[in-house]
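Residue-level listing of the chains:
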Amino acid sequence: MTAAVDDAGFAPVAATRRDGRTAEWLRFLPPLGMGLLLADLVLLPLALLVLSSFRPGGFPFDSGFTLANYTTAFGDPGFPALLWTTLLFAFGSSSVALMLGIGLAWLIERSDLPGREAWRGLVLVPMATPPILLPIAWAMLLSPRNGILNQILTYVFAFGKAPFDIHSLPGMVFVQGLALVPTAYLFLTPAFANMDPSLEEAAMTAGAGTWGLIRRVMVPILWPAILSAAIFLLIVSLVVFDVPGVLGIPARIFVMCSQIFYLINSSPGGLPLYGQVSALAILFLGILLALGFAYHRMTRHAQRYRTVTGKGFRPRMFPLGRSRISARKEACGRNSPATTDQIKVQISPIGRKYQPIRGHSSAALGLR
Amino acid sequence: MSAFRLALCAFTIVVGSSPIHAAGIDDAMNKLADEAAKSGDIIWYESSPDDQADKIVAAFQKRFPKLKLEHIRDTGGNSIGGRIVQESQGNARTADVVTTGAAILLPLVERKLIKQIDWRGYGLTDDLAPWQSGVVTTSVVYVIVYNTSLVKEADAPTTWNDLLNQRWDGKIGMWVRGEGQSALAAVWGIDKVIDYVRKMNQLHPVLLPSTFPLAQQVAAGEILVGFGLNHSAQIPLRRGAPLKIVVAEPVPIGTLYSSVPTKAQNPSGGTLVGLWLATAEGAKIYEDATDRGNPFISGTKTYDLLRGHAISQFAAGQAAQEAATVQRINKMIESRETQ
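Quantities reported herein were computed from a predicted structural model and do not represent experimental measurements. (Residues numbered from 1 in each chain as written. Chains lettered and ligands numbered in written order. Predicted model: local features only at pLDDT ≥ 70, side-chain atom pairs only at ≥ 80, totals over all residues. Heavy atoms only, no water.)

### Digging into the overall build of chain A
For step 1, the next point in the chain: Check the secondary structure of chain A and you find 15 helices and zero strands.
For step 2, the next point in the chain: For chain A, buried positions account for 40% of its 368 residues.
For step 3, the next point in the chain: Partitioning the contacts of chain A with sequence separation of at least 6, the portion at a separation of at least 24 is 72%.
For step 4, the next point in the chain: Within the structure as shown, chain A displays about 19,600 Å² of accessible surface, and the carbon and sulfur contribution to it stands at 68%. (Helix = DSSP H or I, 4+ residues; strand = E, 2+ residues; numbered from the N terminus. Buried < 20%, exposed > 50% of the residue type's maximum accessible area, 1.4 Å probe, protein only. Contact = heavy atoms within 4.5 Å. Areas by Shrake-Rupley, 256 points an atom, 1.4 Å probe, with all protein chains shown as cover.)

Structural data, given as structure tokens:
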């Protein structure tokens, strides 16, 4: 071996170079493998989608190219209404989920609500149930014809007709909002749980009232979490099908997803209208990519909002006082579609009874 | 009579006896069975629930013990057609026989994905084999359904026009798809059907995703009357629900054909299934399992139900007009067009 090396002269250097090149190539293998996997999982279906949108028959292996699918899909007189309904549904349900999620996260993580551990688990229970059950359950409760709750209310208050119609856009927004509450809660909980109480104390010491504390301390700290949760919820609201399918389709209220389902399954032409579906999906994809990019930017800059402290802390628990009963009702109602509490979530009394720091309010400190 | 109506070429018949040459068909089926046995199992795309289809499959395999029939349920309607196109384009295994409506078959025929078979050459009548693209397997029959507890017999609707009575305002139900109303166009003409649907929309009908919940809701009294289907009303009827079926004239029917895809791996097996379902034996078994019978084969309940009634359906070759009519009527129902 030694002789061979000596004879060759450059052999050891060449071998080292070869080893180096091999090692360099090996370094590229994992990203290459990952790239191929992603291409197979994402790019290939995407390419077929784009291709289908330009095929006259809508099938990717049909012959010819056309823009007719785009002109038909976007030129339909009902398209602006479809887009508007989709946006209303997505923004509405995200807002409902966000408001309830913020309320629940605050109650469970920052207040002295009794049985917090139990509530924590209960809020997440809907995630363990098939999503389609929620709209079905609400249809049983609030269907205008045979909803149990509607029938009771109609009987008790002698209404001429059912007071609620779950097969409506507000009904869909409401149910989808409820369905997204666990997601919103999961997004917001860490932000609430990790708020450094020293900032709140400092604000209170500096004379901040409740509103000032919320506006100038809590909201800025929570803002990245709220915004990223909002974008994520918006993305989910745009792609979900359970609620639009169960509650919207029977009332002929279509959002983008259910319209795509209709074009595939029920269009009277005999074949799925994949061409139009693909054209709609491209628009849909654009919106989702924009939201995904916004979400990425939000989460990428989240570290800017980190609280830097030199010591461990526990978030301060705000006493609810007599409002604990109302708060429990809210937490209860979230998990029981069979109760009307879900409809009238009571947060306001808690706000009124809001006492930021037990025994250390700014008034007690003589700051105002 | 409008030009469109002429184009529709109303296909109205009074159902009569249509004897099948049993011996000839038996020979043909035995020959097909021998050929099919060499090509492996037979795949059948159809929409019946598995428990119903299992009975048909069991009877078929009892009749042809050397063969294995596999039923694949596809309820999506359009998705059956889409699936055959994709599988054929990708050279994947597709159905050996598919049972579906003319509106779904036509695009497949236009793409040359359906085998043209001389079904009459096997001894089938013109009624059963109206075109080479398929053989009649069953027909869905549109009827009026009403709740007998809440609607007195004297007030019960007996004609299609009776359904337009103001007393049914908000209490009438119909399938969100207008296939039944569209089938009426074969006799009434499209203009009359459009007028009819507009008047029906003025009654604020409850739209349902299928005729099964329609029958159930009429039975439960949620709605009083409905433009429904005979076979979907049979389940609540068997359970003793207060429901009655009225066969109003002309009786709109929608026919389902069995066809053999061009890319079928076992075309003989597919042809055999289609042929067997068009015999008295196969049709009875199919009807007993699914409540959907063949109006052109004597001895079926559907034949008896329609005997002496004028029926209204698009002919097999009019699938394009049928699809256009269905599309128009569907849009009217969806948008609740009243003017």
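### A word on the pairing of strand E5 (residues 172-175) of chain B
Residues in a regular strand point their side chains to alternate faces of the sheet.
Residues and elements named next belong to chain B.
For step 1, the next point in the chain: With burial as the criterion, each face of E5 is covered, one bearing Ile172 and Met174 and the other bearing Gly173 and Trp175.
For step 2, the next point in the chain: Examined bridge by bridge, E5 and strand E7 (residues 225-229) share three bridges and lie parallel to one another. Each bridged residue has a counterpart across the sheet, and for Gly173 the counterpart in E7 is Gly226.
For step 3, the next point in the chain: Where E5 and strand E6 (residues 206-208) come together, three bridges link them in parallel fashion. Among the inter-strand pairings, Met174 is bridged to a residue of E6, identified as Leu207. (Pairing = 2+ DSSP bridges.)

### A few points about the confidence of the model for chain A
Caution applies to low-pLDDT regions: their predicted coordinates should not be interpreted in detail.
For step 1, the next point in the chain: Chain-level statistics for chain A give a pLDDT mean of 79 and a share of 78% at 70 or above.
For step 2, the next point in the chain: Low pLDDT (under 50) marks residues 335-368 of chain A, which in the prediction has 66 contacts with non-local residues, meaning those over four places away or in another chain. (pLDDT = per-residue confidence, 0-100.)

### So, the packing of aromatic side chains
For step 1, the next point in the chain: Scanning the entire structure with this criterion turns up 18 aromatic pairs over all chains.
For step 2, the next point in the chain: On the basis of an interplanar angle of 25° and a centroid distance of 4.5 Å, the ring pair of Trp160 of chain B and Phe227 of chain B is categorised as stacked. Remark: Phe227 of chain B occurs in strand E7 and Trp160 of chain B occurs in the loop between strand E4 (135-147) and E5; sequence separation between them is 67 residues. Both residues of the pair, Trp160 of chain B and Phe227 of chain B, belong to the buried class.
For step 3, the next point in the chain: Ring pairing ties together the aromatic residues Phe54, Tyr70, Phe74 and Phe79 of chain A, which thus form one cluster.
For step 4, the next point in the chain: Above the ring of Phe28 of chain A, the side-chain terminus of Arg27 of chain A is found at 6.0 Å from the ring centroid.
For step 5, the next point in the chain: Seen from the ring of Phe65 of chain A, Arg55 of chain A lies directly overhead, with NZ or CZ sitting 4.6 Å from the centre. (Phe/Tyr/Trp six-rings, centres within 6.5 Å; stacked < 30°, edge-to-face > 60°. Lys NZ or Arg CZ within 6 Å of the ring centre and 35° of its normal.)

### Focus on a nonpolar patch on the surface
Residues and elements named next belong to chain A.
For step 1, the next point in the chain: On the surface, Met34, Leu37, Leu38, Leu41, Val42 and Leu43 cluster together into a nonpolar patch covering about 590 Å² of accessible area.
For step 2, the next point in the chain: Along the chain, Leu38 turns up in helix H2 (residues 11-53).
For step 3, the next point in the chain: Classification of Leu38 as partly exposed rests on a relative accessible area of 45%. (Patch = residues over 30% accessible without salt bridge, like charges linked within 9 Å, V, L, I, M, F, W, Y side chains within 5 Å. Salt bridge = Lys/Arg side-chain N within 4 Å of Asp/Glu carboxyl O.)

### Observations regarding the interface of chain A and chain B
For step 1, the next point in the chain: Each partner contributes residues to the interface: chain A has 20 residues there, and chain B has 26 residues.
For step 2, the next point in the chain: Summed over both partners, the interface of chain A with chain B comes to about 2,000 Å²; 49% of that surface belongs to carbon and sulfur atoms.
For step 3, the next point in the chain: Counting across the interface, chain A meets chain B through one salt bridge.
For step 4, the next point in the chain: Measuring nitrogen to oxygen at the nearest pair gives 2.9 Å for the salt bridge that ties Arg111 of chain B to Asp62 of chain A.
For step 5, the next point in the chain: Put simply, chain A and chain B have two residue pairs in polar contact (both at pLDDT 80 or more) between them.
For step 6, the next point in the chain: In terms of residue class, the side of chain A that touches chain B is built from nine nonpolar, seven polar and four charged. (Buried area = accessible area lost by both parts, 1.4 Å probe. Polar contact = N/O pair within 3.5 Å; in protein donor to acceptor, adjacent residues only side chain to side chain. Nonpolar A, V, L, I, M, F, W, Y, C, P; charged D, E, K, R; others polar.)

### Side note on the pattern of salt bridges
Residue and element names in this part refer to chain B.
For step 1, the next point in the chain: A complete count under the given rule lists 22 salt bridges over all chains for this structure.
For step 2, the next point in the chain: Among the salt bridges present, the one from Asp126 reaches Arg120, with a minimum N-O distance of 3.4 Å.
For step 3, the next point in the chain: The exposure class assigned to Arg120 is partly exposed, which follows from its relative accessible area of 41%.
For step 4, the next point in the chain: Among the salt bridges present, the one from Glu179 reaches Arg177, with a minimum N-O distance of 2.9 Å.
For step 5, the next point in the chain: A relative accessible area of 16% means that Arg177 is categorised as buried.

### Some remarks on the environment of Ala105 of chain A
Residue and element names in this part refer to chain A.
For step 1, the next point in the chain: Structurally, Ala105 is set in helix H4 (residues 79-110).
For step 2, the next point in the chain: Between the C-alpha atoms of Ala105 and Ala184, which are 79 residues apart in sequence, the distance is 8.7 Å.
For step 3, the next point in the chain: When near neighbours in sequence (up to four residues on either side) are disregarded, Ala105 contacts Arg110, Tyr185, Leu188, Thr189 and Phe192.

### As for the pairing of strand E1 (residues 42-46) of chain B
All names here are of chain B.
For step 1, the next point in the chain: The buried count for E1 comes to five of five residues, which makes it a mostly enclosed element.
For step 2, the next point in the chain: As paired elements, E1 and strand E2 (residues 69-73) share five bridges and run parallel to each other. When the bridges of E2 are listed, Trp44 appears paired with His71.
For step 3, the next point in the chain: Sheet analysis places E1 next to strand E3 (residues 97-101), joined by two bridges and oriented parallel. Directly across from Tyr45, in E3, lies its bridge partner Val98.

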